[in-house]
Amino acid sequence: MSYQVIARKYRPQHFADVVGQEHVTQTLSNAITQNRIAHAYLFCGPRGTGKTTIARIFAKCLNCTGGPKVEFPDTDPRCQEIAEGRSLDVLEIDGASNRGIEEIRELRETVKYAPASAKFKFTSSTRFTCLPRRRSTRSSKPWKNRRRT
Ligand SMILES: Nc1ncnc2c1ncn2[C@@H]1O[C@H](COP(=O)(O)OP(=O)(O)OP(=O)(O)O)[C@@H](O)[C@H]1O
Ligand SMILES: [Mg+2]
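None of these values were measured; they are calculated from a predicted model.

What counts, and where the lines are drawn
- Residues numbered from 1 in each chain as written.
- Chains lettered and ligands numbered in written order.
- Predicted model: local features only at pLDDT ≥ 70, side-chain atom pairs only at ≥ 80, totals over all residues.
- Helix = DSSP H or I, 4+ residues; strand = E, 2+ residues; numbered from the N terminus.
- Buried ≥ 20, exposed ≤ 12 C-beta atoms within 10 Å, placed from the backbone.
- Contact = placed C-beta atoms within 7 Å.
- Core = buried A, V, L, I, M, F, W, Y, C linked by C-beta atoms within 7 Å.
- Near = placed C-beta within 6 Å.
- Nonpolar A, V, L, I, M, F, W, Y, C, P; charged D, E, K, R; others polar.
- pLDDT = per-residue confidence, 0-100.
- Expected span 1.5 Å × (residues − 1).

Visitor: Quick question: what am I supposed to make of the overall build of the protein here?
Guide: Helix and strand counts for the protein stand at 6 helices and 2 strands. Walking the protein from its N terminus toward its C terminus, one meets helices and strands in the order α-α-α-α-β-α-β-α. Per-residue burial over the protein gives 15% buried out of 149 residues. Nonlocal contacts in the protein, meaning residues at least 24 apart in sequence, comprise 65% of its contacts between residues at least 6 apart.

Dropping the structure here:
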């Protein structure tokens, strides 16, 4: 077997493997089993607590064969392509290094298309707060936009 870095080798692959985040994994599992999946989720917390890990597992739950399902086999080809970063429908964006107008424009262009082969189109962004804010065409001083009466 080829060498795998420790962070990838020991990264939990199922919700059951994630430690100390049961309130998150249980909420997401319930959403899947009750078929009440929201269009967006915001994970926040200190570094290295499992945000990216949980997002990747969630992507696999949604797009596994016969999904959405909380439990999926490791041998599922759809899950394998997500784990290896080969899935066309699961996109990961690093908000810290993709802050340019071009990247944001590309993201906005691609999100509107239906998934290529999976059930859901899944985009996760880390360091979301680093993404640039939309530059307002209005004045930054609100009182300047008010009509005089
Ligand atoms: N709750 C957890 N249970 C088990 N392993 C964890 C947990 N949280 C983190 N890890 C381990 O730590 C590593 C880093 O986790 P992860 O990348 O998911 O953190 P993060 O919250 O996304 O961090 P950052 O804020 O830096 O993006 C993973 O490889 C994973 O193995
Ligand atoms: Mg992360």
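Having seen the model, we can carry on.
Visitor: Teacher, can you tell me more about the nonpolar core here?
Guide: The nonpolar side chains of soluble globular proteins are, as a tendency, buried together. In terms of nonpolar packing, the biggest core is built from 14 residues, with I57, F58, A59, C61 and L62 touching the most fellow members. Among the secondary structure elements, those contributing two or more residues to this core are helix 3 (51-63) and helix 4 (77-83). Residue contributions to this core peak at 6 residues, all from helix 3. Not counting the four nearest positions on each side in its chain, L62 is found in contact with G67, P68, K119, F120 and F122.

Visitor: Looking at this model, I keep getting lost on the site of ligand 1. Mind explaining?
Guide: Around ligand 1, the surrounding shell holds 16 residues, and the nearest of these are V19, G50, K51, T52 and T53. In terms of residue count, helix 3 provides more of the shell around ligand 1 than any other element does, 3 residues in total. The residue makeup of the shell around ligand 1, split by class, is 5 nonpolar, 8 polar and 3 charged.

Visitor: What exactly am I supposed to notice about unusual backbone geometry here?
Guide: Most peptide bonds take the trans configuration, and most residues that are not glycine carry a negative phi. For the bond running from G67 to P68, omega is 5°, close enough to zero to count as cis. You can see P68 is positioned in the loop between helix 3 and helix 4. With a phi close to 50°, N35 is a non-glycine residue in the positive phi region. Inspection of the secondary structure assignment puts N35 in the loop between helix 2 (22-33) and helix 3.

Visitor: What am I meant to see in the confidence of the model for the protein here?
Guide: The predicted structure's coordinates, where accompanied by low pLDDT, should not be read in detail. Mean pLDDT over the protein works out to 86, with 85% of the residues at or above the 70 mark. Averaged pLDDT values over the elements of the protein bottom out at 54 in helix 6 (residues 142-145) and peak at 98 in helix 2.

Visitor: So what exactly am I meant to see when it comes to helix 3 here?
Guide: In this model, helix 3 (13 residues) spans 18 Å end to end at C-alpha, consistent with the 18 Å of a helix rising 1.5 Å per residue. What helix 3 keeps buried is the set I54, R56, I57, F58, A59, K60, C61, L62 and N63. Those residues of helix 3 that are buried lie in contact with helix 2, helix 4, strand 1 (90-94) and strand 2 (122-126).

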